[in-house]
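Examining the three-dimensional arrangement
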Amino acid sequence: MLKKKGLGDRIKKLLGIENKNEAFFEDLEDILIEGDLGAVTAMDAVAELKECIKTKKLKNEQDFLLEMKSILGSSIKVNSLLPEKNKLSLYLILGVNGVGKTTVIARMANYYMKKCDINKIILSAGDTFRAAAIDQLKLHGNNLGLKVIHQKSGSDPGAVIYDSISSAEAKGAELVIADTAGRMHNKENLVKELSKINKIVGQRVDQNNYKKVLVIDATTGQNALQQAEIFHDSVGIDSIIIAKYDSTAKGGIVIPICRQLEIPFSFMGIGEKIDDLIPFDKENYLNSLIGLS
Ligand code: GDP
């Protein structure tokens, strides 16, 4: 069970109020907005709750929270992002600098090795823009006992990914996890960079096993929604990983992203250790968000 202090505590405190009048609903809306659900999602959710109260008899705090959970959860989408055994998959990890991409790559590999018996994994240092990113991935690879395909900084990311696929084919690897440059992309750059990578991957990896995965940072609130919009619009995102969920008292950003973009979530980062990447579990997430035990 994930534990999160913040939004849930504030909702619980508010629920103590006897009279569920207009001021109560306004306060609830404010709490949801401050919890990163965004104004539109918060307003819609509160409007729906008001209707529920009219039609259903919500007897106590627990009933109210369960109703809220059902309303907030209705748009959340989840996918499992599981590599196929004995076939090559390639996961391209996208996201702006600092969101947690490199960390997530190492943790995904660790998760697949420990939990899914997927052991032949290659890490691909596709962020050729920052020398430090290549070194960081090499270090992770070393710790995990995994091969890292890299070239010198400034080289073509497409070439690194090409080499990674060649190495994977030669070794019968089941998964390539590729890093990408995390500069704050504009749409034009993203499309240009990705169309080249798409072409290289498309020729050699089954389309169903090629996934573009966006990492967002839970602490950046509404910025994460904007990033998801730009990336999805430019390259089509198959799955989102929310990193640093442990580092925020808010965390509601998953809901507006799912509502607006309909992209499923696959994993969440919940701490600073290698095992702190867990599959995104809708129940667990909602319970932690609104403080249901
Ligand atoms: P990148 O620039 O996107 O590759 O980001 P990094 O992987 O270098 O991560 C940036 C920082 O976020 C590092 O200090 C990571 O340890 C930290 N980080 C990543 N994921 C999590 C998480 O789930 N929880 C916490 N607390 N820190 C994280």
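Values in this document were obtained by computation on a predicted structure and should not be read as measured data.

Parameters at a glance
Residues numbered from 1 in each chain as written. Predicted model: local features only at pLDDT ≥ 70, side-chain atom pairs only at ≥ 80, totals over all residues. Heavy atoms only, no water. Axes fitted to C-alpha atoms, helices over the stretch in contact; angles between N-to-C directions. Helix = DSSP H or I, 4+ residues; strand = E, 2+ residues; numbered from the N terminus. Parallel < 35°, antiparallel > 145°, perpendicular 65-115°, else oblique. Left-handed = near helix turned anticlockwise from the far one by under 90°. Contact = heavy atoms within 4.5 Å. Nonpolar A, V, L, I, M, F, W, Y, C, P; charged D, E, K, R; others polar. Expected span 1.5 Å × (residues − 1). Buried < 20%, exposed > 50% of the residue type's maximum accessible area, 1.4 Å probe, protein only. Pairing = 2+ DSSP bridges.

So, the packing of helix H7 (residues 157-171) against helix H8 (residues 187-204)
Two elements in contact, H7 and H8, have axes whose closest approach is 9 Å; the angle formed by their N-to-C orientations is 15°. By the angle class used here, H7 and H8 are roughly parallel. The crossing of H7 and H8 is right-handed. From H7, Gly158, Ile161, Tyr162, Ile165, Ser166 and Glu169 reach across to H8, where they touch Ile197, Ile200, Val201 and Arg204. Of the residues assigned to the contact of H7 with H8, the class counts are six nonpolar, two polar and two charged.

Describing helix H9 (residues 222-235)
Helix length check: H9 (14 residues) gives 20 Å between terminal C-alpha atoms against 20 Å at 1.5 Å per residue, within 8%. Those residues of H9 that fall on the buried side of the exposure criterion are Ala224, Leu225, Gln227, Ala228, Phe231, Ser234 and Val235. Those residues of H9 that are buried are in contact with strand E1 (89-94), H8, strand E5 (210-217), strand E6 (239-243) and helix H10 (254-261). Immediately beyond the C-terminal end of H9, within one or two residues, lies Gly236, with a positive phi of roughly 75°.

Some points on the sheet that holds E5
Where strands meet in a sheet, backbone hydrogen bonds hold them as pairs that are either parallel or antiparallel. Strands sit in the order E3-E2-E4-E1-E5-E6-E7-E8 across an open sheet of eight strands; the sheet is mixed. Strands at the two margins of the open sheet, each flanked by one partner only, are strand E3 (147-149) and strand E8 (277-279). With direction set aside, neighbouring strand axes in the sheet form an average angle of 25°. Here three bridges tie strand E2 (residues 121-124) to E3, and the two strands are oriented parallel to one another. By the bridge assignment, Ile122 is partnered in E3 with Lys147. The strands touched by H10 are E5, E6 and strand E7 (265-269); relative to E7, the strand with the most contacts, the crossing angle is about 160°.

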